[in-house]
2 protein chains.
Amino acid sequence: MYIGIDIGGTGIKGVLTDKNGKIICSGDTPTPESSKKIDKSIIALIDNLISESKTDKNRIEAIGIGAAGSIDRRKGIVISSPNILCWKKNPLAANIEKISGIKTFLENDGTVACAGFWWENEGKNFKTFIMVTLGTGIGGGAVIDGKLFTGQNGSSLEIGHMTVDVNGKKCTCGNRGCLEQYGSATALVKYTNLNLKKYKNSSIHKRLEKEKLTAKIIYEEAEKKDELAVKSFEYISFYLGAGIANLINIFNPEAIVLGGGLSKSSKIIIPYIKKIVNERAMTGMKERVKILAVKDQAIIPALGAAKTAMDRLKHIM
Amino acid sequence: MYIGIDIGGTGIKGVLTDKNGKIICSGDTPTPESSKKIDKSIIALIDNLISESKTDKNRIEAIGIGAAGSIDRRKGIVISSPNILCWKKNPLAANIEKISGIKTFLENDGTVACAGFWWENEGKNFKTFIMVTLGTGIGGGAVIDGKLFTGQNGSSLEIGHMTVDVNGKKCTCGNRGCLEQYGSATALVKYTNLNLKKYKNSSIHKRLEKEKLTAKIIYEEAEKKDELAVKSFEYISFYLGAGIANLINIFNPEAIVLGGGLSKSSKIIIPYIKKIVNERAMTGMKERVKILAVKDQAIIPALGAAKTAMDRLKHIM
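Just so we're clear, the structure is a prediction, and the values are computed from it rather than from any experiment.

What counts and what doesn't
Residues numbered from 1 in each chain as written. Chains lettered and ligands numbered in written order. Predicted model: local features only at pLDDT ≥ 70, side-chain atom pairs only at ≥ 80, totals over all residues. Heavy atoms only, no water. Salt bridge = Lys/Arg side-chain N within 4 Å of Asp/Glu carboxyl O. Helix = DSSP H or I, 4+ residues; strand = E, 2+ residues; numbered from the N terminus. Buried < 20%, exposed > 50% of the residue type's maximum accessible area, 1.4 Å probe, protein only. Contact = heavy atoms within 4.5 Å. Buried area = accessible area lost by both parts, 1.4 Å probe. Polar contact = N/O pair within 3.5 Å; in protein donor to acceptor, adjacent residues only side chain to side chain. Nonpolar A, V, L, I, M, F, W, Y, C, P; charged D, E, K, R; others polar. Least-squares fit on C-alpha atoms with pLDDT ≥ 70 in both. Pairing = 2+ DSSP bridges. Axes fitted to C-alpha atoms, helices over the stretch in contact; angles between N-to-C directions. Core = buried A, V, L, I, M, F, W, Y, C linked by side-chain atoms within 4.5 Å. 1 Å grid on protein atoms, 1.4 Å probe; cavity = no way out; pocket = protein on both sides within 12 Å on 5 of 7 lines; lining within 4 Å. Points joined across faces, edges and corners; volume = space filled by probe spheres on them.

1. Digging into the pattern of salt bridges
Line of reasoning, step 1. Counted according to the given criterion, the structure contains 26 salt bridges over all chains.
Line of reasoning, step 2. A salt bridge links Lys307(A) to Asp311(A); its shortest N-O distance comes to 3.4 Å. On the criterion of helical spacing, the pair formed by Lys307(A) and Asp311(A) is a turn pair, its members being four residues apart in helix H10 (residues 300-313).
Line of reasoning, step 3. Judged by its relative accessible area of 17%, Lys307(A) is buried.
Line of reasoning, step 4. Taking the relative accessible area as the measure of exposure, Asp311(A) reaches 10% and is therefore buried.
Line of reasoning, step 5. With a shortest N-O distance of 2.7 Å, Arg207(B) and Glu220(B) are connected by a salt bridge. Of the two residues, Arg207(B) sits in helix H6 (residues 204-207) while Glu220(B) sits in helix H7 (residues 215-223), which places them 13 residues apart along the sequence.
Line of reasoning, step 6. Looking at Glu220(B), the relative accessible area reads 22%, which means it is partly exposed.
Line of reasoning, step 7. Ionic contacts of the salt-bridge type, sharing partners, join the residues Arg207(A), Glu211(A), Lys216(A), Glu220(A), Glu221(A) and Lys224(A) into one network.

Next up, the structure:
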């Protein structure tokens, strides 16, 4: 049995799987604001998974963790994270291994999302594809020539921190004009908030009488064709299209796969993204790339984290 | 024996090598403006290399061609090229193979530059590195986990057509704000030309009494600390730094290697590029990447083209 943990800017998800990727049980918990509290939440989640599955703890071979940030995968350290700012040279894998007593491996969150999609039947069709995870931030992963790509120290495919507007908005990573500032769920909410006054008849106003604005609300109103909500998705899709065109020109991949919470809006954003990609990506490459969304975005990164733990235990990667 | 041909926007270079990468002889010729004339120039260059080396034509095992553009490497077709506009679905490899009678393989120009650097001792130190070729346009190649990366159909690492300014200058590829529009030799000359009036005391004015402005002149005057020339290199290095920061965040590589004609100015541009990379690339990745220039940029792509022909003949790649 394996445990996979996926730590995002907003929530932590966990799965307990068998060696074939069958999910025995799953769970989640919010991401706390301090490093120690994050460790505690992870441990509580692991304990819950083990007790819920009625599995003997000794049968858990390894834990895999996917974390949003710049990491050293061999040392199991999160060096820094633009979305979880409390992490600074945090020995996450060692901490969890020490408390749980189970061998623990660390990967980047985009890498595990990629591994999860690849482990499922759908991903097996592609030899070279790029995963773009759209959530609080934007992450990514790549399978290249039939192999999961990790870069030199595990932090590859930081797609969210690809500059698309060289003199643009300041990013939490220190750079300017990062894709994350324009194409993430955070950017979607910001854009909608900034434009609320202009769209006096927007159905979003009514929603805000009872709730705080979220990407989910904007999605629901966009489905009902609210002008501001649709415009907001157009706004992020323009930047996502430009960023994805860059990835196509760089990787010449068979597929671009959207994951992360915001990929639930794929029916709205993919047509816009395809239009922009068609305008911007190079002839000879754009015709040969599929753009699709994962079917089960909520569970795929944690599942992939379990898979990377299994592969690393067996020295496959 | 193998022949390697490198076709750029301005010139065509050729080498004849043995199977160990020892260059027996080399030559070059300007890039003509029509597709048929390019074929003729390549054939004349091949004939010259064979006669100069006093090699029996039958001893040439294969020809490798590196071409600037979007290609289908398996079919040997150049689909389109932003710098050689006459090429549209041009069956380049088949044409050359038919006239020369020698098995011919096609790769992207950045890929062959990458292969050339990797074949030489210097490149062997790296398992994952990115080649950035700076010339009339900007190209690129990658070695990933110890393997030359070609993408799905051979057109990967079109770094020059990575958007760094989403609403920026229109590019010949159809996209906007491509790195090539800001960081190439062409962009260097354009910037200098546009600013000549502002810099009345620039030493470049004197050079232009006898010659047309070229990147070479700007380089020579920058070495003598001419303010406009230095400013022009700063301008392109700012964009190159932002583009290279993107590549570091995406590939988490061990090295970024500059090739192409403009890499001769590496002593001037690399310090600026490093400064911008330090400001823009992610903590945890920027500290672990070497930024260097190839030593023999003029010959490396043609050498790499010979290497890819050898490997493809042996089905190694």
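2. Quick word on the interface of chain B and chain A
Line of reasoning, step 1. Chain B puts 48 residues into the contact, and the matching count from chain A is 47 residues.
Line of reasoning, step 2. For the pairing of chain B and chain A, the buried interface totals around 4100 Å² over both sides, and the portion due to carbon and sulfur atoms is 51%.
Line of reasoning, step 3. Applying the counting rule to chain B against chain A returns four salt bridges.
Line of reasoning, step 4. For Lys147(B), the salt bridge identified is with Asp145(A), shortest N-O distance 3.3 Å.
Line of reasoning, step 5. Viewed at the interface, chain A and chain B are joined by 39 residue pairs in polar contact (both at pLDDT 80 or more).
Line of reasoning, step 6. Elements with a minimum of two residues in the side of chain B that touches chain A: strand E5 (70-72), strand E6 (77-80), strand E11 (147-149), helix H8 (227-251) and helix H9 (266-280) of chain B.
Line of reasoning, step 7. Looking at the side of chain B that touches chain A residue by residue, the class counts come to 18 nonpolar, 20 polar and ten charged.

3. What about the side chain of Ser263(A)?
Residues and elements named next belong to chain A.
Line of reasoning, step 1. In this fold, Ser263 is placed in the loop between strand E12 (255-259) and helix H9 (266-280).
Line of reasoning, step 2. Only 2.6 Å separates the side chain of Ser263 from the backbone oxygen of Gly260, close enough to count as a polar contact.
Line of reasoning, step 3. With residues near it in sequence (within four places) discarded, Ser263 still touches Leu134, Leu258, Ala293, Val294 and Gln297.

4. Quick look at the relation of the copies chain B and chain A
Line of reasoning, step 1. Of the two same-sequence chains, chain B is brought onto chain A (RMSD 0.0 Å, axial shift 0.0 Å) by a rotation of 180°. Considering both components of the superposition, the chain copies are consistent with a two-fold axis.
Line of reasoning, step 2. Take the interface residues of chain B: 98% of them recur as interface residues in chain A, which is what a same-surface contact looks like.

5. Describing the sheet that holds strand E9 (residues 129-134) of chain B
Residue and element names in this part refer to chain B.
Line of reasoning, step 1. Here we have five strands laid out as an open sheet, ordered E11-E10-E9-E12-E13, and mixed in their pairing. Looking at strand neighbours, the two that pair on one side only are E11 and strand E13 (290-293), the edges of this open sheet. Pairs of neighbouring strands in the sheet enclose a mean axial angle of 20°, with direction left out of account.
Line of reasoning, step 2. Where E9 lies against strand E10 (residues 138-144), six bridges are found, and the strand directions are antiparallel. Across the sheet, the residue bridging to Thr133 is Gly139, located in E10.
Line of reasoning, step 3. Contacting E9, strand E12 (255-259) and E13, H9 runs over the sheet at an angle of about 160° to E13.

6. Regarding the nonpolar core
One broad trend across soluble globular proteins is that nonpolar side chains are buried collectively.
Line of reasoning, step 1. In this structure, Phe251(A), Ile256(A), Leu258(A), Phe251(B), Ile256(B) and Leu258(B) are the most contacted members of the largest nonpolar core, which totals 114 residues.
Line of reasoning, step 2. Tallying contributions element by element places H8(B) first for this core, with 15 residues.
Line of reasoning, step 3. The contacts of Phe251(A), once residues within four sequence positions are left out, are Thr128(A), Ile130(A), Ile144(A), Leu157(A), Phe149(B), Gly151(B), Gln152(B), Ser156(B), Ile250(B) and Phe251(B).

7. Overview of the layout of surface pockets
Line of reasoning, step 1. Counted as a void, the largest pocket has a volume near 1400 Å³.
Line of reasoning, step 2. Lining the largest pocket are 49 residues, and of these Thr10(B), Gly135(B), Thr136(B), Gly137(B) and Ala185(B) lie nearest its centre.
Line of reasoning, step 3. Looking at the lining of the largest pocket, the element that brings in the most residues is helix H5 (residues 185-195) of chain B, giving five residues.
Line of reasoning, step 4. For the lining of the largest pocket, the class distribution of residues is 16 nonpolar, 23 polar and ten charged.
Line of reasoning, step 5. Lining the second largest pocket are 40 residues, with Leu134(A), Gly135(A), Thr136(A), Gly260(A) and Gly261(A) sitting closest to its centre.
Line of reasoning, step 6. Listed by contribution, the elements that provide at least two residues to the lining of the second largest pocket are strand E2 (11-17), strand E3 (23-30), helix H3 (109-119), strand E9 (129-134), strand E10 (138-144), helix H5 (185-195) and helix H7 (215-223) of chain A.
Line of reasoning, step 7. For the lining of the second largest pocket, the class distribution of residues is 13 nonpolar, 19 polar and eight charged.

8. Things to note about the sheet that holds strand E7 (residues 88-90) of chain B
Residues and elements named next belong to chain B.
Line of reasoning, step 1. Pairing within the open sheet is antiparallel, and its three strands lie in the order E5-E6-E7. Edge positions in the open sheet fall to E5 and E7, since each of these has one partner strand only. Strand-to-strand, the axes of this sheet are offset by a mean angle of 20°, without reference to chain direction.
Line of reasoning, step 2. In the sheet, E6 pairs with E7 via two bridges, with the strands oriented antiparallel. Residue pairing for E7: Val78 is matched across the bridge by Asn90.

9. Observations regarding unusual backbone geometry
Line of reasoning, step 1. The phi angle at Lys225(A) is positive, at roughly 70°, despite the residue not being glycine.
Line of reasoning, step 2. On the basis of relative accessibility, which here comes to 69%, the residue Lys225(A) falls in the exposed class.
Line of reasoning, step 3. The phi angle at Lys89(B) is positive, at roughly 45°, despite the residue not being glycine.
Line of reasoning, step 4. Looking at the element boundaries, Lys89(B) is found in strand E7.

Spatial relationships are all this shows, so hold off on functional conclusions.
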